[in-house]
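Descriptive analysis of the structure
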Amino acid sequence: FDREIERILQHQVPQYGAASIAAERSVYLRNLVERGEGERALRLWQGYFPKGGNKGVADGNFADKYPLHPFAWQLASDDYSFSEKVPATEGSPSMVRAHHSGDRKAALLTQLVALKPGTHELVFTMRDGGLGEPEAMYWRLRCIGSSENLVSRSLAKLGPDWQKLRIKVTVPDSGCAMQHLLLEAKNNDDEESEIEIRSVEAK
């Protein structure tokens, strides 16, 4: 049964069907991951993009129209703590704006990645959005199924100008074939904060 579904989902579709096939593929890939078959889901996902499915971070510039989850950004949609894509305009590339209400813990931006064992550099192009200092926001990477962070970096010192934040992280040799990359915020006594992100890369 799974093989038949996978065969159907491999079909190329006209542009008018792109949103529908992306939704169907996302449902199936998420189900595989939830069943503990993340590496099988990864191979299928990479097969949908033979020329671009091996990037460390998918949709790193937030421009994909039909992203495939969970190998794409999951944006928080709470009324008070949320993330939203801002399309490119003349002279300004696309970006994501992440807003935290400060009154709860929240995963504002999440993506499932598969960085190989060894040392990597995560590079974020971002800035403070102009509200309170984003001292309660953190970029984190953790092995799938684990609550322990491989790395956690506070954004407390993020400035108002566009800048590159570089974070080194080491993925262990075993037990960590896939990881969650997430922008997480913790309770901050109702102090609102907001950041803007133009790109995310893994090297």
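Just so it is clear, the structure is predicted and the values come from calculations on it, not from any experiment.

1. Remarks on the overall build of the protein
A count of helices and strands for the protein gives three helices and ten strands. For the protein, the sequential pattern of α-helices and β-strands runs α-α-α-β-β-β-β-β-β-β-β-β-β. Relative to its length of 203 residues, the protein is compact, with a C-alpha radius of gyration of 17 Å against a globular reference of 17 Å. Expressed along its principal axes, the backbone C-alpha trace of the protein runs to roughly 50 × 40 × 30 Å. Looking at the protein residue by residue over its 203 residues, the buried ones come to 45%. When contacts within the protein are restricted to residue pairs at least 6 apart in sequence, those whose partners lie at least 24 apart make up 74%. Just so you have it, the protein exposes about 10,900 Å², and 48% of that area is on carbon and sulfur atoms. The distance from the centre of the 26 positive side-chain charges to the centre of the 29 negative ones in the protein is 8 Å.

2. A word on the sheet that holds strand E5 (residues 118-128)
On the basis of which strands lie adjacent, the open sheet formed by five strands has the order E2-E3-E10-E5-E8 and antiparallel pairing. Among the strands making up the open sheet, the edge pair consists of strand E2 (82-86) and strand E8 (163-171). The sheet shows a mean angle of 30° between the axes of neighbouring strands, direction not considered. Looking at chain direction, E5 and E8 are connected through nine bridges and run antiparallel. Directly across from Gly-118, in E8, lies its bridge partner Val-171.

3. Comments concerning helix H2 (residues 18-34)
For H2, with 17 residues, the first-to-last C-alpha span of 24 Å sits near the 24 Å given by 1.5 Å per residue. Along H2, the residues that are buried comprise Ala-18, Ile-21, Ala-22, Arg-25, Ser-26, Tyr-28, Leu-29, Leu-32 and Val-33. In the stretch just after H2, Gly-36 is the one whose phi turns positive, near 85°.

4. Quick notes on the environment of Gln-12
Here Gln-12 lies in the loop between helix H1 (2-9) and H2. Taking C-alpha positions, Gln-12 is 23 Å from Val-33, a pair spaced 21 residues apart along the chain.

5. Some details on the state of the cysteines
One pass over the structure, following the stated rule, counts one disulfide. Note that Cys-143 is cross-linked by a disulfide to Cys-176, the S-S spacing being 2.1 Å. Note on the Cys-143 and Cys-176 pair: the S-S dihedral is about -100°, so by sign convention the disulfide is left-handed. Of this pair, Cys-143 sits in strand E6 (residues 137-143) while Cys-176 sits in the loop between E8 and strand E9 (179-185), and the two are 33 residues apart along the sequence. When its relative accessible area of 10% is taken as the criterion, Cys-143 is described as buried. With a relative accessible area of 4%, Cys-176 lands in the buried category.

6. What to know about the packing of aromatic side chains
Taken as a whole, this structure holds four aromatic pairs when the rule is applied. A ring pair is formed by Trp-45 and Phe-71, whose centres lie 5.0 Å apart and whose planes are at 20°; its orientation type is stacked. Of the two residues, Trp-45 sits in helix H3 (residues 38-48) while Phe-71 sits in the loop between H3 and strand E1 (74-75), which places them 26 residues apart along the sequence. The exposure class of Trp-45 is buried, given its relative accessible area of 7%. Aromatic side chains Phe-124 and Trp-139 sit 4.2 Å apart centroid to centroid with 20° between the ring planes, which places their arrangement in the stacked category. On the criterion of sequence distance, the pair formed by Phe-124 in strand E5 and Trp-139 in strand E6 is long-range, its members being 15 residues apart. Each of the two residues, Phe-124 as well as Trp-139, counts as buried. Here a set of aromatic residues connected by ring pairs shows up, and it is made of Phe-62, Trp-73, Phe-124 and Trp-139. Stacked on the ring of Tyr-48, the Lys or Arg Arg-25 has its end atom at 4.0 Å from the ring centre.

What counts as what
- Residues numbered from 1 in each chain as written.
- Predicted model: local features only at pLDDT ≥ 70, side-chain atom pairs only at ≥ 80, totals over all residues.
- Heavy atoms only, no water.
- Helix = DSSP H or I, 4+ residues; strand = E, 2+ residues; numbered from the N terminus.
- Rg over C-alpha atoms; globule rule 2.2 N^0.38 Å.
- Buried < 20%, exposed > 50% of the residue type's maximum accessible area, 1.4 Å probe, protein only.
- Contact = heavy atoms within 4.5 Å.
- Areas by Shrake-Rupley, 256 points an atom, 1.4 Å probe, with all protein chains shown as cover.
- Lys, Arg positive; Asp, Glu negative; His and termini not counted.
- Charge placed at Lys NZ, Arg CZ, Asp CG, Glu CD.
- Pairing = 2+ DSSP bridges.
- Axes fitted to C-alpha atoms, helices over the stretch in contact; angles between N-to-C directions.
- Expected span 1.5 Å × (residues − 1).
- Disulfide = S-S within 2.5 Å.
- Phe/Tyr/Trp six-rings, centres within 6.5 Å; stacked < 30°, edge-to-face > 60°.
- Lys NZ or Arg CZ within 6 Å of the ring centre and 35° of its normal.

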